[in-house]
Amino acid sequence: MDFAVKGGRIVGFGDYQGARGYDLSGAYVVPGLIDAHVHIESSLLAPSEYARLVLSHGTTTVIADPHEIANVCGAPGIEYMLAEGTRTPLDILVMLPSCVPSTPLDAGGAVLMAADLARFRGWEGVVGLAEVMNVPGVLSGDEDLRAKVDLFDVVDGHAPFLSGKDLNAYIYAGVQSDHECTTLTEAREKLLRGMYIMIREGSTERNLRELLPVVDACTAPRCCFATDDRHADMLAGEGHIDDCIRKAVAYGLEVEQALRMATLSAAGRFGLHDRGALAPGKLADFCVVDDPDRFKVIRTFKRGVEVVDAGYRPPACPASPMHVRVPEPGEIRMTGRGEARVIEIVPGQITTRDLRCPVDAAAIPDLDRDILKAVVTDRYRATGSGVGLVNGFGLKEGAIAGSVSHDSHNIVAVGASDADIVRAVAEVVRLGGGLVVVSGSEMTALPLECAGLMSALPYDEVVSRLAAIEAHARRLGSIVNPFMYLSFLALTVIPDLRVTERGVFDVGAFADVSLFSE
């Protein structure tokens, strides 16, 4: 069926005459794809490079939470993301970060109060309040958090494992969605209480297969796809929302339901009534695919104009705060023995487990049981480093370190040698931010000069360097995607155990705890 476009919008379907025509016979045209929740910074790409990559996969709109850069740079970080968004055809719509820092106990590079966010209301591209992750603050009636929620009609949530009356209270406070579901039971409970469910498929958070049975003809309008945290190599290799569609169909979902989740459902969630469908008056955002089931994107159109890759343009880069006291090996030495709280990595998830096991600090690293030292170093105030233990990284030698460490983005490292941990941390500092692998005399790195979170390099070069550091880490025995798991070790709003610049943190108790249990 033919359709006409004028002024960036669809005029209608039928036999129209225009100044320019496109012959798309033999192909399928679907609305432009929408990512319902993403941290662009987690791609490790500047916004313009991120846009180049995802536009080629049929994505025309992303709902971005600049929470990461806001934790490093404060309000100027939000301004940077909004400004960079104007340099690309991709619609980068911003949900303002609700929790900077994530909890009152965390200390990053900035604190944003309700008054700081209020000035962004009405700015072009700002559509609501992003994931409210301080669940204890919501349940206890924190006044500033209440004021933030009251600023916007659209409020996203972040409430892993929240259930029962606490979930009722969280929703009653004004939170409308969640992207942290990891089980079908959790997703169904939240859906039945009226929440929108964002089914997430990122580099580490792979929840699509588990949650997909929650989607049917009745629930599809309340369900959409989100990538949340997806590195550039996964974007380049597997795709973006097109990847979510392909997987959903492969797992048994009807293609029409998958397409709805990727377009109209996401648009409806955020009140974007100008997109999400091919209909008169809607934005002419669409992509051309070879086959609905295989869903390989051939061409992308934004406001009726075919997106042609203009190539790499160097991005602006905000400063990267780096006021660090690199630890000496003696400062991260551990003492004691007994039952220890060990952070257990959960494959395919960002949750962790509280693994209790007997440990002699003098015997760390314990390579037989894969128990390694994890160190978080304050990058803002040079206050020092906290130390914990982690199981699941698999390193037999060397160390890895990075300045991407949700959500405060201190420097985080894991290694089989104190000396290599210190060397890796020192190299991150020298680079002004980055991801580093160290073993013996060998060192491999990806500099992240944009706030210590994003690279200023073209996306294909970032993908190449990610492959190099991944290969180096794998030679040391590492799990797949070690830096994505590393980046979540200090995230104090996801159960069960974390490590911060202060030491071990118990998310359930919402408190710093000792390494050895009493």
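The rules behind these values
- Residues numbered from 1 in each chain as written.
- Predicted model: local features only at pLDDT ≥ 70, side-chain atom pairs only at ≥ 80, totals over all residues.
- Heavy atoms only, no water.
- UniProt positions renumbered as here; feature names shortened; annotations may be inferred.
- Helix = DSSP H or I, 4+ residues; strand = E, 2+ residues; numbered from the N terminus.
- Rg over C-alpha atoms; globule rule 2.2 N^0.38 Å.
- Buried < 20%, exposed > 50% of the residue type's maximum accessible area, 1.4 Å probe, protein only.
- Areas by Shrake-Rupley, 256 points an atom, 1.4 Å probe, with all protein chains shown as cover.
- Lys, Arg positive; Asp, Glu negative; His and termini not counted.
- Charge placed at Lys NZ, Arg CZ, Asp CG, Glu CD.
- Core = buried A, V, L, I, M, F, W, Y, C linked by side-chain atoms within 4.5 Å.
- Contact = heavy atoms within 4.5 Å.
- Pairing = 2+ DSSP bridges.
- Salt bridge = Lys/Arg side-chain N within 4 Å of Asp/Glu carboxyl O.
- Disulfide = S-S within 2.5 Å.
- Axes fitted to C-alpha atoms, helices over the stretch in contact; angles between N-to-C directions.
- Phe/Tyr/Trp six-rings, centres within 6.5 Å; stacked < 30°, edge-to-face > 60°.
- Lys NZ or Arg CZ within 6 Å of the ring centre and 35° of its normal.

The protein chain is annotated in an unreviewed UniProt entry as Adenine deaminase of Methanoculleus formosensis. The Cofactor (unreviewed entry) field of the UniProt record for the protein chain holds the comment "Mn(2+)". In the Catalytic activity (unreviewed entry) part of its UniProt record, the protein chain is described as follows: "adenine + H2O + H(+) = hypoxanthine + NH4(+)".

**Q** Help me understand the overall build of the protein chain in this model?
**A** Across its full length, the protein chain holds 16 helices and 25 strands. Radius of gyration (C-alpha) of the protein chain: 23 Å, near the 24 Å computed for a compact globule of 518 residues. When the backbone C-alpha atoms are referred to their principal axes, the protein chain occupies close to 80 × 50 × 45 Å. The buried share of the protein chain, reckoned over its 518 residues, is 62%. Just so you have it, the protein chain exposes about 19000 Å², and 52% of that area is on carbon and sulfur atoms. Positive and negative charge centroids in the protein chain, built from 48 and 70 side chains respectively, lie 1 Å apart.

**Q** It is not clear to me how the nonpolar core should be interpreted in this structure. Could you clarify?
**A** Proteins that are soluble and globular tend to have nonpolar side chains buried together. With 85 residues, the main nonpolar core has Phe-393, Val-414 and Leu-489 as its most contacted residues. Contact partners of Val-414, with chain neighbours within four places excluded, come to Leu-372, Lys-373, Ala-374, Val-390, Phe-393, Leu-395, Ala-399, Ile-400, Ile-421, Leu-486 and Leu-489. Counting 37 residues, the second largest nonpolar core, distinct from the first, contains Leu-96, Leu-167, Ile-171 and Leu-491.

**Q** What is the right way to look at the sheet that holds strand β12 (residues 286–289) in this model?
**A** Strand pairing in a sheet is mediated by backbone hydrogen bonds. Such pairs are either parallel or antiparallel. Sheet architecture is open: four strands sit in the order β3-β12-β13-β14, paired in antiparallel fashion. What marks the edges here is a single partner per strand, and that holds for β3 (28–31) and β14 (305–306). For β3 and β12, the ladder comprises four bridges, and the chain directions are antiparallel. Bridging from a neighbouring strand, Tyr-28 pairs with Val-289 of β12.

**Q** What am I meant to see in the side chain of Asp-407 here?
**A** Summarising the element assignment, Asp-407 is placed in the loop between β19 (399–402) and β20 (411–415). Within the buried set, Asp-407 has no salt-bridge partner at all; the shortest N-O distance to an opposite charge, 9.9 Å, is to Arg-498. Excluding residues that lie within four positions of it along the chain, Asp-407 makes contacts with His-67, Glu-68, Asn-71, Ser-102, Met-133, Leu-491 and Val-493.

**Q** Whenever I open this one, the state of the cysteines confuses me. Can you help?
**A** Defined simply, a disulfide is a covalent bond joining two cysteines at their sulfur atoms. One pass over the structure, following the stated rule, counts one disulfide. Linked covalently through their sulfurs, Cys-317 and Cys-450 form a disulfide whose S-S length is 2.0 Å. With Cys-317 in the loop between β14 and β15 (337–345) and Cys-450 in the loop between β22 (442–447) and α15 (459–475), this residue pair connects regions lying 133 residues apart in the sequence. Looking at the unpaired Cys-223, the closest cysteine sulfur is the one in Cys-224, lying at 7.4 Å.

**Q** I would appreciate a short explanation of the environment of Val-175 in the present structure.
**A** Within the element layout of this structure, Val-175 appears in the loop between α7 (164–172) and β9 (177–178). Between the C-alpha atoms of Val-175 and Tyr-312, which are 137 residues apart in sequence, the distance is 39 Å. The residues contacting Val-175, other than those within four sequence positions of it, are Val-132, Val-155, Asp-156, Gly-157, Tyr-170 and Met-195.

**Q** Could you clarify how one ought to interpret the pattern of salt bridges in this entry?
**A** Opposite charge on two side chains permits pairing when their charged atoms draw close. Using the criterion set out here, one finds 38 salt bridges in the structure. Residue Arg-87 pairs with Glu-84 through a salt bridge whose shortest N-O separation is 3.0 Å. Notably, a salt bridge pairs Asp-420 with Arg-423, separated by 3.5 Å at the nearest N-O pair. Within this pair, Asp-420 and its partner Arg-423 are both found in helix α14 (residues 418–431), separated by three residues, close to a single helical turn. Arg-423 sits in the partly exposed class, given a relative accessible area of 30%. Several salt bridges share partner residues, and in doing so they unite Asp-91, Asp-274, Arg-275, Asp-285, Lys-302 and Arg-303 into one network.

**Q** Which parts of the structure should I look at to understand the sheet that holds strand β23 (residues 497–500)?
**A** Taken together, three strands build an open sheet; the order of strands is β23-β24-β25 and the sheet is antiparallel. Looking at the sheet topology across the chains shown, the edges are occupied by β23 and β25 (511–513). Direction aside, the axes of adjacent strands within the sheet are offset by 45° on average. As paired strands, β23 and strand β24 (residues 503–506) are joined by four bridges and run antiparallel to one another. The residue bridging Arg-498 from the neighbouring strand is Phe-505, located in β24.

**Q** Looking at this structure, I do not really get the UniProt feature "domain: Adenine deaminase C-terminal" (unreviewed entry) in the protein chain. What am I missing?
**A** When the UniProt feature table is mapped to this numbering, "domain: Adenine deaminase C-terminal" (unreviewed entry) covers residues 358–510. Helix makes up 24% of residues 358–510 and strand 30%, and the two end C-alpha atoms of the span are 24 Å apart.

**Q** Explain helix α11 (residues 241–250) to me, please; I cannot follow it from the model alone.
**A** Note on helix geometry: an α-helix contains 3.6 residues per turn, so any two residues three or four positions apart are oriented the same way. A large share of α11 lies buried, amounting to eight of its ten residues. Every buried residue of α11 is listed here: Ile-241, Asp-242, Asp-243, Cys-244, Ile-245, Lys-247, Ala-248 and Val-249. In the segment just after α11, Gly-252 is the residue with positive phi, at about 115°.

**Q** Would you mind going over the packing of aromatic side chains with me for this structure?
**A** Aromatic rings in a pair are described by how distant their centres are and how their planes are angled relative to each other. In the structure shown here, the tally under the stated rule is six aromatic pairs. Here the aromatic rings of Phe-3 and Phe-13 are separated by 5.8 Å at their centres, their planes lie at 50°, and the arrangement is tilted. Placement of Phe-3 in strand β1 (residues 3–6) and of Phe-13 in strand β2 (residues 9–13) is noted, with a sequence separation of ten residues between them. Ring centres of Phe-3 and Phe-286 lie 5.3 Å apart, and the angle between their planes is 85°; this geometry places the pair in the edge-to-face category. Taken together, the positions of Phe-3 in strand β1 and Phe-286 in strand β12 put the pair 283 residues apart, joining distant regions of the chain. Residue Phe-3 is classed as partly exposed on the basis of its relative accessible area, which comes to 23%. Exposure remark for Phe-286: the relative accessible area of 4% places this residue in the buried category. Cluster of aromatic residues (ring-pair linked, three or more members): Phe-3, Phe-13, Tyr-22, Phe-286 and Phe-301. A cation sits over an aromatic face here: Arg-222 above Tyr-196, 3.8 Å from the ring centre. Taking the ring centre of Phe-270 as reference, the NZ or CZ of Arg-269 above it sits at 5.1 Å.

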